[in-house]
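What the coordinates show
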Amino acid sequence: MSGTSPILELSGISKSFGGVDALADVDFMLNGGEVHGIVGENGAGKSTLMKIIAGVHTDFRGTMRLDGAEVRFHSARDAQAAGIGMVYQELSVVSDLSVAENVFLGRQPTDAIGLIAWRRMAREAGDHLRGLGIDVDPQARMGSLPIGMQQMVELSRVLFSGARVIILDEPTSALSPPEIERLFDLLRILRNGGRTIVFISHFLDDVLRVSDTITVFRNGRKVVTAAAADIDKSWIIERMIGAGHDELEAGYTKDIRLCSKDCAPIALQADHLSLSRAYRDVSLTVRAGEVLGVYGFMGCGQIELVRTLFGGLKPDHGAIRMGGRALRMTNTAAARRAGIAFVPESRRSMLFFLEPMYKNVSISILDRLSQLLLKPRKERQIAGEQVRRLHIVPPSVERLVGTFSGGNQQKIGLAKWLNFLPKVLILSEPTRGMDVGAKADVVRIVSGLRDQGIGILVASTEPETVLAMADRVLVMKKGEIVREFANEVISKDRLLAAA
Amino acid sequence: MSAPGTDTTAGRPSSASPPRFHWLRDQLRNIAPFITLLSLVVFFSVASPASFLTWDNLANILTQISVTGIIATGLTFVILCAEIDLSVGSVANAVGVVLAFFTAQDASVNIANVPLPGWIAILLALVSAVAFGVVTALGVTVIGIPSFIMTLAMLQIGAGVCAMLVRGQIAYNVPDFIKVLGSKAVGPVPWIVIVAALVLAVGHFVLTYTRFGRYVYMVGGNREAAEYSGVNVKAIVASVMIIGAVCSGFAGMLGVAHLGSAQQDEFVDYLLDSIAAVVVGGTSLFGGQGGIPNTIAGLFVLGVLNNGLDHVKIDSFLKVLIRGLILLAALIINIYAQRMRSRWT
């Protein structure tokens with residue numbers, strides 16, 4: 001993009017969270033009238049940088065220049081006033097209000113006596129949306145629109161508030177191909193009108209198609225900025241994962257041979273499961289004694305899929321079978337009684353922080369320990385075994401779970417199911433936020449459980465986790481299973497390319 | 001890491017401060033009611049030593065808190081589960097009226113009632129209590145109406161049942177068995193005090209020593225975690241709503257005998273008193289923390305306060321205000337206790 005002047009210039013940006021560097025000495029520049037794609041793995045620092053630009057993170061080092069003048073935003077409101085708007089992956093629309101009200105959110109026009117000028121609002125919102133080529137009834141209830149349209153309306157709200165720089169975080173993850181097409185058309189119109197679009201995405205094909213410029217991040221550093229026309233997907237992947245650049249990361253392109261167990265009996269089978277917009281027509285089998293990895297980007301539908309398999313969500317279509325019989329999954333208790341165990345991705349949804357460790361561990365097997373009266377001594381003894389087995393520190397079964405460190409809390413969430421001896425164990429993001437040692441512990445435990453003959457499903461957005469644990473890998477993309485890796489050689493770059 | 005509000009581990013201390021150091025702070029919800037109780041007893045003893053500090057008056061206080069105590073036992077289950085039941089007074093009233101409706105009344109009582117043998121009347125009253133609980137439970141768990149609103153509707157339905165059955169009249173007679181429990185005494189101890197103590201003891205036993213009790217605490221402590229531990233959360237919530245209604249109904253039967261009449265709007269004060277007893281006692285409004293011992297402490301605080309105010313020279317209109325202020329103070333402590341404990345989660 002020669003001839004255009006930089007709108008926004010960042011230099012020497014650093015930011016750390018609790019002693020961990022999220023961004024280290026990053027220089028970054030945005031030009032007027034460009035679509036700038038931002039790519040990188042989870043934790044590469046792209047979201048952190050965008051939140052600094054959008055005024056969400058205010059505590060950082062480095063300088064930011066807008067139109068050549070140094071600025072420092074103290075809030076997202078500051079950034080908006082300066083013409084920088086952000087559309088998050090989780091849309092912040094109000095589904096019970098009309099489209100027009102959403103466009104005018106927080107800035108409703110009023111008449112002479114301070115009442116909301118409904119008619120004017122509807123008319124102006126309609127004009128604005130039509131001007132962007134968005135064909136929608138301004139009176140329609142927001143929640144009744146498809147996600148793609150809701151996203152367009154939110155985008156138009158950001159534009160309407162006067163944004164010159166619009167940051168889109170994973171805008172295509174929930175969209176169908178025609179919706180993506182429409183979004184891209186709109187982005188091109190905006191760019192030609194002189195606005196700057198920042199497009200953060202895991203979907204490299206989408207980034208390549210719509211961007212003029214692409215910047216790659218890795219481990220909190222900017223790796224490279226290049227014109228999109230000069231590069232391709234494999235070039236980007238290579239720079240994202242740093243092959244040949246960093247000895248530490250050499251393992252990322254290392255070939256891993258999958259030893260799938262095709263003959264083992266099926267422990268759990270899902271047939272043609274669908275759940276509204278979350279996922280469609282998902283069929284899979286988990287065999288006894290194997291680890292099935294399900295890999296996909298955030299928002300690909302795996303969070304909803306694993307909840308369905310544990311009876312927490314009801315699918316619209318399809319059946320879940322164990323031992324050839326369809327399960328009546330009326331609730332999670334039914335799934336547990338059938339022999340399924342589930343460890344969710346967030347500690348908040350698996351632990352009782354204000355209860356002692358032993359009660360957190362015994363909860364899943366209380367009905368086996370006792371029919372009527374509790375057996376606290378037995379509970380403590382069982383919890384004590386898990387403390388030793390999982391190296392939980394400090395080794396106390398009485399300690400309230402909220403006072404353990406994050407990694408140890410995660411182990412306690414897993415410990416809950418180790419006495420249960422499930423037939424099928426479902427793990428969602430089992431290593432999220434763990435340090436290297438704790439990750440190794442979890443990989444060791446999961447391998448041990450597999451060797452006991454338990455069928456294990458590991459759903460993760462972290463390729464390393466899937467590669468370290470799985471015997472067979474399914475790749476999920478936008479709610480569908482798009483690729484299976486079995487009995488073949490796999491590596492991180494191939495996994496990323498499939499997603 | 002891209003979406004706001006996702007669970008990140010950054011910025012959380014890797015090991016929180018040792019629990020023993022914060023014992024006092026963590027026990028705030030358990031200590032506060034005892035300090036309040038002690039202060040009230042000391043205050044009233046000094047203010048009116050001759051009439052407040054007597055055995056007779058202790059018996060008075062115990063009798064006065066008995067009906068509330070039975071209702072509060074059920075309500076403790078409900079609040080521990082992070083739900084609420086606003087229909088307790090109304091259900092108590094309705095069940096008490098049902099009991100009287102099926103009991104032979106004096107000729108002077110002009111209601112079209114259906115006299116049945118005493119044990120059948122008691123049984124029917126209990127069935128009606130269970131029925132109230134089941135309707136509430138279905139509304140909350142199957143339909144998904146928040147318990148706050150659902151029990152508000154049940155409050156009105158209970159009042160409606162009372163109105164339909166007594167039609168503005170007052171019934172006086174209940175089966176002999178209930179009459180004994182509600183208004184007679186063994187030696188110096190009224191039966192109703194013994195019954196209330198038994199109900200509280202059973203409640204404590206169930207909550208502390210049974211599997212069901214553990215589930216109540218866990219569901220109240222973190223409903224999502226309970227669900228993903230394979231606990232049938234809806235069944236537990238339904239059970240506590242039914243327990244709440246049955247306790248209220250039982251209290252209503254004894255209350256009718258204790259008060260000597262069954263009529264409309266007889267139990268209005270019991271709603272506030274029983275909720276106040278549970279909350280003043282320190283059971284968390286967010287669920288999962290507290291228990292029957294807290295409720296007992298709360299019952300005594302309220303009992304001593306209500307009783308003591310009668311022994312000092314004070315504007316009787318001011319009493320209502322004082323009770324409100326005490327309740328407000330308890331709520332503030334309740335919220336702060338919760339906030340302090342949640343700090344390291």
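Residues numbered from 1 in each chain as written. Chains lettered and ligands numbered in written order. Predicted model: local features only at pLDDT ≥ 70, side-chain atom pairs only at ≥ 80, totals over all residues.

Looking only at helices and strands, one finds 15 helices and two strands in chain B. Taken over C-alpha atoms, the radius of gyration comes to 22 Å for chain B, in line with the 20 Å a tight globule of 345 residues would show. Here the C-alpha coordinates of chain B stretch approximately 75 × 55 × 35 Å along the principal axes. Considering chain B as a whole, with its 345 residues, one finds that 48% of them fall into the buried category. (Helix = DSSP H or I, 4+ residues; strand = E, 2+ residues; numbered from the N terminus. Rg over C-alpha atoms; globule rule 2.2 N^0.38 Å. Buried ≥ 20, exposed ≤ 12 C-beta atoms within 10 Å, placed from the backbone.)

The next point concerns the overall build of chain A. The number of helices and strands found in chain A is 17 helices and 22 strands. Against the compact-globule benchmark of 23 Å for 499 residues, chain A has a radius of gyration of 25 Å, which places it among compact chains. Overall size of chain A, expressed as C-alpha extent along the three principal axes, is 70 × 55 × 45 Å. For chain A, buried positions account for 48% of its 499 residues. Within chain A, contacts between residues separated by at least 24 positions form 69% of all contacts whose residues are at least 6 apart in sequence. (Contact = placed C-beta atoms within 7 Å.)

Moving on: the pairing of strand β3 (residues 35-39) of chain A. Residues and elements named next belong to chain A. Judged by how many residues are buried, β3 sits mostly within the fold: five of five residues are covered. Burial along β3 is two-sided: the face carrying Val35, Gly37 and Val39 and the face carrying His36 and Ile38 are both buried. Strand direction decides the pairing type here: β3 and strand β8 (residues 196-200), joined by four bridges, are parallel. In the sheet register, glycine 37 faces β8, and the bridge partner there is phenylalanine 199. (Pairing = 2+ DSSP bridges.)

Our focus in this paragraph is helix α9 (residues 191-209) of chain B. Residue and element names in this part refer to chain B. The terminal C-alpha atoms of α9, which comprises 19 residues, lie 26 Å apart, in line with the 27 Å expected from a rise of 1.5 Å per residue. Residues of α9 that are buried: Ile192, Ala196, Val199, Leu200, Gly203 and Leu207. An end-on view of α9 places all buried positions within 95° of arc, on one side of the element. The exposed residues of α9 that point more than 90 degrees off its buried face are Leu198 and Val202. On the buried face of α9, the contacting elements are α4 (55-80), α8 (176-183), β2 (189-190), α10 (211-221), α12 (233-259) and α14 (292-311). (Expected span 1.5 Å × (residues − 1). Arc of directions from axis to C-beta.)

Before going further, it helps to spend a moment on the packing of helix α13 (residues 268-280) of chain B against α14(B). Residue and element names in this part refer to chain B. Look at α13 against α14: their axes get within 7 Å of each other, and the N-to-C directions meet at 120°. Between α13 and α14, the angle is such that the two are oblique. Handedness of the crossing formed by α13 with α14: right-handed. Between α13, through Asp273, Ala276, Ala277, Val278, Val279 and Val280, and α14, the contact on the second element is made entirely by Thr295, Gly298, Leu299, Val301 and Leu302. Looking at the contact of α13 with α14 residue by residue, the classes come out as eight nonpolar, two polar and one charged. (Axes fitted to C-alpha atoms, helices over the stretch in contact; angles between N-to-C directions. Parallel < 35°, antiparallel > 145°, perpendicular 65-115°, else oblique. Left-handed = near helix turned anticlockwise from the far one by under 90°. Nonpolar A, V, L, I, M, F, W, Y, C, P; charged D, E, K, R; others polar.)

This paragraph deals with the nonpolar core. Ile426(A) and Leu99(B) are the most contacted members of the largest nonpolar core, which has 242 residues in total. In terms of residue count, the dominant contributor to this core is α12(B) (15 residues). Excluding its chain neighbours within four sequence positions, the residues that come into contact with Ile426(A) are Val306(A), Leu309(A), Phe310(A), Ile340(A), Ala341(A), Phe342(A) and Leu457(A). (Core = buried A, V, L, I, M, F, W, Y, C linked by C-beta atoms within 7 Å.)

Turning our eyes to something else, we now look at the domain arrangement of chain A. Residues and elements named next belong to chain A. If you check the domain split of chain A, you get domain 1 (6-96 + 141-250) and domain 2 (256-498). At the junction of the two partners, domain 1 supplies 11 residues and domain 2 supplies 10 residues. For the side of domain 1 that touches domain 2, the element with the most residues is helix α8 (residues 233-241), which contributes three residues. Broken down by class, the residue content of the side of domain 1 that touches domain 2 amounts to five nonpolar, four polar and two charged. (Domains from an automatic or database assignment.)

Residues and elements named next belong to chain A. With antiparallel pairing, four strands are arranged side by side in an open sheet as β2-β1-β4-β5. Both outer strands of the open sheet, β2 (20-31) and β5 (69-71), are each paired with one neighbouring strand and no more. When the angles between neighbouring strand axes are averaged without regard to direction, this sheet yields 25°. In this structure, strand β1 (residues 6-17) lies alongside strand β4 (residues 61-66), joined through five bridges in antiparallel fashion. Within β4, the position partnered with serine 11 by the bridge is threonine 63.

This part takes up the confidence of the model for chain B. Residues and elements named next belong to chain B. Taken as a whole, chain B shows an average pLDDT of 87; of its residues, 91% reach a score of 70 or greater. Contacts from residues 1-19, a stretch scored under 50 in pLDDT, to residues over four places away or in other chains number 36 contacts. In the model output, the complex is listed with pTM 0.79 alongside ipTM 0.82. (pLDDT = per-residue confidence, 0-100.)

What follows is about the packing of helix α5 (residues 88-101) of chain B against helix α7 (residues 147-166) of chain B. Residues and elements named next belong to chain B. Taken N-terminus to C-terminus, the directions of α5 and α7 make an angle of 25°; their axes are 8 Å apart at the nearest point. Taken together, the axis directions place α5 and α7 in an arrangement best described as roughly parallel. Of the two possible hands of crossing, α5 and α7 adopt the one that is left-handed. In contact with Ser90, Val91, Asn93, Ala94, Val97, Val98 and Phe101 of α5, α7 contributes Met154, Leu155, Gly158, Ala159, Val161, Cys162, Leu165 and Val166. For the contact of α5 with α7, a count of residues per class yields 12 nonpolar, three polar and no charged.

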